[in-house]
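Chain by chain, the residues run as shown.
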Amino acid sequence: MAFRISENVEICKKQEGFLGSYYSGKVLAAVGINRYIVRYETRWTECKTRQLSEVVDADEVRPLPPTISCTDFSVSDKIDAYVNNAWWVAKVVQRLDDVRYFVRLDTNGTEFLVPSYKLRTHLDWQDGRWVLPPNTNTNPNTNTIANRP
């Protein structure tokens, strides 16, 4: 999968502490055919004065997912929750009301109270297209969401 310079992407580092999280960023440059230099939107250097840039493997980068207008989630729905400046794969464990949910992160089981505007339908990026995971209640008639041009 090739990304353009300045393309907005999500980065999923494959190291402990970051697995299951997707940080927004931008492609700064290609490094060979399997790596990119990216700049994170919400990760900062140690001195907190600049956005963090680093070299990542191509399989850690994916395009931004399409927006699916859905704020009505049910218990056990697989979702992404915006927690600690990143999107984390999670499950809804309790719906408090129309705008607040308790979610459990898949990576470590930590639970958070999250407002509905910080939740999105979870999508998997597979073979160049966005796909709803199996057993997703969002749209049972179709799994494929959108192809990347």
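Residues numbered from 1 in each chain as written. Predicted model: local features only at pLDDT ≥ 70, side-chain atom pairs only at ≥ 80, totals over all residues. Heavy atoms only, no water.

### Observations regarding the overall build of the chain
Summing up its helical and strand segments, the chain has zero helices and 13 strands in all. Looking at the 149 residues of the chain, the share that counts as buried comes to 38%. A fraction of 39% describes how many contacts in the chain between residues 6 or more apart in sequence connect residues 24 or more apart. For the chain, the accessible area works out to roughly 8800 Å², and carbon and sulfur atoms hold 47% of it. (Helix = DSSP H or I, 4+ residues; strand = E, 2+ residues; numbered from the N terminus. Buried < 20%, exposed > 50% of the residue type's maximum accessible area, 1.4 Å probe, protein only. Contact = heavy atoms within 4.5 Å. Areas by Shrake-Rupley, 256 points an atom, 1.4 Å probe, with all protein chains shown as cover.)

### Quick look at the side chain of Asp80
Relative to the helices and strands, Asp80 resides in strand E6 (residues 78-83). Among the polar contacts made by the side chain of Asp80, one reaches the side chain of His122 at a distance of 2.6 Å. (Polar contact = N/O pair within 3.5 Å; in protein donor to acceptor, adjacent residues only side chain to side chain.)

### Points about the pattern of salt bridges
According to the stated counting rule, one finds 12 salt bridges in the structure shown. Residue Arg100 pairs with Asp97 through a salt bridge whose shortest N-O separation is 2.9 Å. In this structure Arg100 comes out as partly exposed when scored by relative accessible area, which is 37%. A salt bridge links Glu111 to Arg104; the nearest nitrogen and oxygen atoms lie 2.5 Å apart. By relative accessible area, Arg104 is classed as partly exposed at 37%. Look at the salt bridges and you will find they share partners, linking Glu10, Arg62, Asp80 and Arg120 into a network. (Salt bridge = Lys/Arg side-chain N within 4 Å of Asp/Glu carboxyl O.)

### Things to note about the packing of aromatic side chains
Aromatic ring pairs are described here by two measures, namely the spacing of the ring centres and the angle between the planes. Taken as a whole and assessed by the stated rule, the structure comprises five aromatic pairs. Residues Phe3 and Tyr36 carry aromatic rings whose centres are separated by 5.6 Å and whose planes lie at 75° to one another, so their mutual orientation is edge-to-face. Note that Phe3 is positioned in the segment before strand E1 (8-11) and Tyr36 in strand E3 (residues 35-44), a separation of 33 residues in sequence. Overall, Phe3 belongs to the buried group, its relative accessible area being 7%. Ring geometry for Phe73 against Tyr101: centres 6.0 Å apart, planes inclined by 75°, an arrangement best described as edge-to-face. Separated by 28 residues along the polypeptide, Phe73 in the loop between strand E5 (61-63) and E6 and Tyr101 in strand E8 (residues 100-105) bring together distant segments of the chain. What makes Phe73 buried here is its relative accessible area of 2%. Its end group placed over the ring of Tyr40, Arg43 keeps NZ or CZ at 4.6 Å from the ring centre. Against the face of Tyr22 rests Arg62, its NZ or CZ located 3.6 Å from the ring centre. (Phe/Tyr/Trp six-rings, centres within 6.5 Å; stacked < 30°, edge-to-face > 60°. Lys NZ or Arg CZ within 6 Å of the ring centre and 35° of its normal.)

### Looking at the nonpolar core
Residues Ile79, Ala81, Val103 and Leu119 are the most contacted members of the largest nonpolar core, which totals 25 residues. Among the secondary structure elements, those contributing two or more residues to this core are E1, strand E2 (21-31), E3, strand E4 (51-57), E6, strand E7 (86-95) and E8. For this core, the element with the most residues is E7, which contributes four residues. Excluding residues within four positions of it along the chain, Ala81 makes contact with Ala86, Trp87, Trp88, Ala90, Val103, Val114, Lys118 and Leu119. (Core = buried A, V, L, I, M, F, W, Y, C linked by side-chain atoms within 4.5 Å.)

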